[in-house]
There are 2 protein chains.
Amino acid sequence: MAGKVVLHGMWASPYSNRVELALKVKGIEYEFVEEDLTNKSETLLRYNPVHKKVPVLVHDGKPIAESLVIIEYIDETWTDGPRLLPQDPYERAKVRFWAGFCQQQLFEAIITVVKTDGEAQERAVKEVHEKLKVLEEGIKGNYPEGSLFVNGDSVGLLDIVVHSILGAHKVHEEVLGVKFLDPEKYPRVTSWVTALTEFPLVKEAAPPHEKMVGFLQFFRARALKSATA
Amino acid sequence: MAGKVVLHGMWASPYSNRVELALKVKGIEYEFVEEDLTNKSETLLRYNPVHKKVPVLVHDGKPIAESLVIIEYIDETWTDGPRLLPQDPYERAKVRFWAGFCQQQLFEAIITVVKTDGEAQERAVKEVHEKLKVLEEGIKGNYPEGSLFVNGDSVGLLDIVVHSILGAHKVHEEVLGVKFLDPEKYPRVTSWVTALTEFPLVKEAAPPHEKMVGFLQFFRARALKSATA
């Protein structure tokens, strides 16, 4: 599949990181345009007038927004690299179901922890643990033992989504003082995420820990300030 | 594609209606199990332990939850009927993008109008109009003139989602006293929805107007009561 590929993203955005990782897994060359989210470019606003957000993938001049939509597009367009979704429709449905759950429920709860303090934060932490418990139960028996990656030896859409949410668990621990991933409570999820963070392509694409800590501190301070303003 | 198909649904649920319409468009025979959402069946809870919600499609004993996930599964499994998503990856991405927007933004805003009154409701009504404006702009030029259906002569995933949200606009008007669809303000969306409601398969699958009015009144009263409790 030919055509110029440009990704409008932001280095610390989990949504943007997902698309970068998908492009790397597929071995697709692309140009990365770093967006300043406090001063969005005219190009970004023109390409994504609906959400005005990163990531936007521009393929041959045609823009696509929303990280999960982009990843499915990548998988359907560059069909010669490793598959990001399984071939079987039922397995695909399971991947889409769990990707939706992780995105809409687990990630939303984590974001709430980042943006709150006091009792509101305690409630959100409890909710994160409830969602992790659901995920732990949910993946029981769904993946072959010893290989939690959807495709066995490569990372797929669900791995990418899970890593974009839980791959930063040490950053969460340092900034928020909460431990989400506990091998005693969530053995499958913990070993899955650990294996993912050690996977060479994932490791290479991940932003440095210290830089992420600084970003999350800044993001949290800004959210708390605007909540009390 | 053989195998027994059972749909656990609820007659008034837009999510459930989506899947029924998709099955009808594809010409798939299925058994419908009406769920009492105030007293969910053991079967439903076993099939969808994560969300505990309808619809759940059970194909050959294998459960699939979440309406959009189910519709993609149907399209990928029964490949001989009319396609619910376009074949071209970029067109598919557009359908998924707009289905997500309608579901997460437009529908959420309408639900808020249903569940609130006073100033909160006024704010929500304003938001619905903002979202409708975005949809009106968004579909400009995306569909061939004179045929707003994704596939030209059949209904597709985006049609199904849009109809499940806006097909009840006359019910909204009667129960909420608000007019969302205005041909002056939203000519494309209005003519799209009108054409959809007149499409034979859609007409046949839609619950009767009076019954829907009664249901929405009940749903609204219960939501307002629980908000003040």
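Predicted, not measured: the structure shown is a model, and the values here were computed from it.

Definitions and cut-offs
Residues numbered from 1 in each chain as written. Chains lettered and ligands numbered in written order. Predicted model: local features only at pLDDT ≥ 70, side-chain atom pairs only at ≥ 80, totals over all residues. Heavy atoms only, no water. Domains from an automatic or database assignment. Contact = heavy atoms within 4.5 Å. Buried area = accessible area lost by both parts, 1.4 Å probe. Pairing = 2+ DSSP bridges. Helix = DSSP H or I, 4+ residues; strand = E, 2+ residues; numbered from the N terminus. Axes fitted to C-alpha atoms, helices over the stretch in contact; angles between N-to-C directions. Salt bridge = Lys/Arg side-chain N within 4 Å of Asp/Glu carboxyl O. Nonpolar A, V, L, I, M, F, W, Y, C, P; charged D, E, K, R; others polar. Buried < 20%, exposed > 50% of the residue type's maximum accessible area, 1.4 Å probe, protein only. Least-squares fit on C-alpha atoms with pLDDT ≥ 70 in both. pLDDT = per-residue confidence, 0-100. UniProt positions renumbered as here; feature names shortened; annotations may be inferred. Parallel < 35°, antiparallel > 145°, perpendicular 65-115°, else oblique. Left-handed = near helix turned anticlockwise from the far one by under 90°.

### Comments concerning the domain arrangement of chain A
All names here are of chain A.
Move 1: When its domains are assigned, chain A resolves into domain 1 (5–77) and domain 2 (89–228).
Move 2: One C-alpha centre belongs to domain 1, the other to domain 2; they are set 21 Å apart.
Move 3: Tallying the contact residues gives 16 residues for domain 1 and 20 residues for domain 2.
Move 4: Between domain 1 and domain 2 lies a buried interface of about 1700 Å² when both sides are counted; carbon and sulfur atoms form 72% of it.

### Observations concerning the sheet that holds strand E2 (residues 31–34) of chain A
Residue and element names in this part refer to chain A.
Move 1: With respect to topology, four strands assemble into an open sheet ordered E2-E1-E3-E4, the strand pairing being mixed. Two strands close off the open sheet at either side, each with one partner strand: E2 and strand E4 (62–65). Taken pair by pair, the neighbouring strands of this sheet meet at an average axis angle of 20°, ignoring direction.
Move 2: Pairing of strand E3 (residues 56–59) with E4 involves four bridges; the strand directions are antiparallel. Bridge pairing links leucine 57 to isoleucine 64 in E4.

### Points about the interface of chain A and chain B
Move 1: Between chain A and chain B, the contact holds 24 residues from the first and 24 residues from the second.
Move 2: Here chain A and chain B share an interface that buries about 2100 Å² over both sides, 68% of which is from carbon and sulfur atoms.
Move 3: Looking at the side of chain A facing chain B, the largest losses of area belong to Val50(A), Tyr90(A) and Phe97(A), adding up to 30% of the total buried there.
Move 4: Counting across the chain A and chain B interface gives six salt bridges.
Move 5: Across the pair Glu76(B) and Arg96(A) runs a salt bridge, and its minimum N-O distance is 3.0 Å.
Move 6: Residue assignment for the side of chain A that touches chain B shows that the elements contributing at least two residues are E4, helix H3 (67–77) and helix H4 (89–115) of chain A.
Move 7: Taken together, the residues that form the side of chain A that touches chain B break down as 13 nonpolar, five polar and six charged.

### Remarks on helix H3 (residues 67–77) of chain B
Move 1: Across the 11 residues of H3(B), 10 count as buried, placing the element largely inside the fold.
Move 2: Every buried residue belonging to H3(B) is among Ser67(B), Val69(B), Ile70(B), Ile71(B), Glu72(B), Tyr73(B), Ile74(B), Asp75(B), Glu76(B) and Thr77(B), and all of these are buried.
Move 3: Among the structural elements, H4 of chain A together with helix H1 (14–26), strand E3 (56–59), strand E4 (62–65), helix H4 (89–115) and helix H6 (157–166) of chain B are those in contact with the buried residues of H3(B).

### Describing the relation of the copies chain A and chain B
Move 1: Placing chain A over chain B gives an RMSD of 0.0 Å and needs a rotation angle of 180°, together with 0.0 Å of translation along the axis. Taken together, these values place the two copies in the relation of a two-fold axis. Across chain A, the smallest distance between a C-alpha and the rotation axis is recorded for Gln104(A), namely 5.1 Å.
Move 2: Most of the interface of chain A is mirrored in chain B, where 100% of its interface residues again form contacts.

### Side note on the confidence of the model for chain A
If pLDDT is low for a region, its predicted coordinates should not be looked at in detail.
Move 1: Looking at chain A, pLDDT values average 91 and 94% of them are 70 or higher.
Move 2: Long-range and interchain partners of residues 144–148 of chain A, a stretch whose pLDDT sits below 50, account for six contacts in this model, where long-range means more than four residues apart.

### Quick word on the pairing of E3(A)
Residues and elements named next belong to chain A.
Move 1: A two-sided burial pattern is seen for E3, the buried positions comprising Val56 and Val58 on one face and Leu57 and His59 on the other.
Move 2: As defined by bridge partners, strand E1 (residues 5–9) adjoins E3 across four bridges and the pair is classed as antiparallel. When the bridges of E3 are listed, histidine 8 appears paired with valine 56.

### Some words on the sheet that holds E4(B)
Residues and elements named next belong to chain B.
Move 1: Ordered in space as E2-E1-E3-E4, the four strands form an open sheet in which the pairing is mixed. Single-partner strands in this sheet number two, and they are strand E2 (31–34) and E4. Taken over all neighbouring pairs, the strand axes of this sheet differ in orientation by 20° on average, direction set aside.
Move 2: Bridge count for strand E1 (residues 5–9) against E2 is four bridges, and the pairing is parallel.

### A few points about the pattern of salt bridges
Side chains that differ in charge, positive against negative, can pair when their charged atoms come close.
Move 1: Overall, the coordinates contain 18 salt bridges over all chains when judged by the stated rule.
Move 2: With its nearest N and O atoms 3.0 Å apart, the salt bridge here joins Glu76(A) to Arg92(B). One end of the pair, Glu76(A), is in helix H3; the other, Arg92(B), is in helix H4, on a second chain. No difference in accessibility class separates Glu76(A) from Arg92(B), as the two residues are buried.

### Digging into the UniProt feature "domain: GST N-terminal" (unreviewed entry) in chain A
Move 1: In this numbering, the UniProt entry assigns the feature "domain: GST N-terminal" (unreviewed entry) to residues 3–82 of chain A.
Move 2: With 38% helix and 21% strand, residues 3–82 of chain A has end C-alpha atoms that lie 19 Å from one another.

### Section: the packing of H3(B) against H6(B)
Residue and element names in this part refer to chain B.
Move 1: H6 packs onto H3 with a crossing angle of 150° between their chain directions and a minimal axis gap of 11 Å. Looking at the two axes, H3 sits roughly antiparallel to H6. Our pair here, H3 against H6, has a crossing hand that is right-handed. Residues Leu68, Ile71 and Glu72 of H3 form the contact with H6, whose participating residues are Leu157, Ile160 and Val161.
Move 2: Class assignment of the residues belonging to the contact of H3 with H6 gives a composition of five nonpolar, no polar and one charged.

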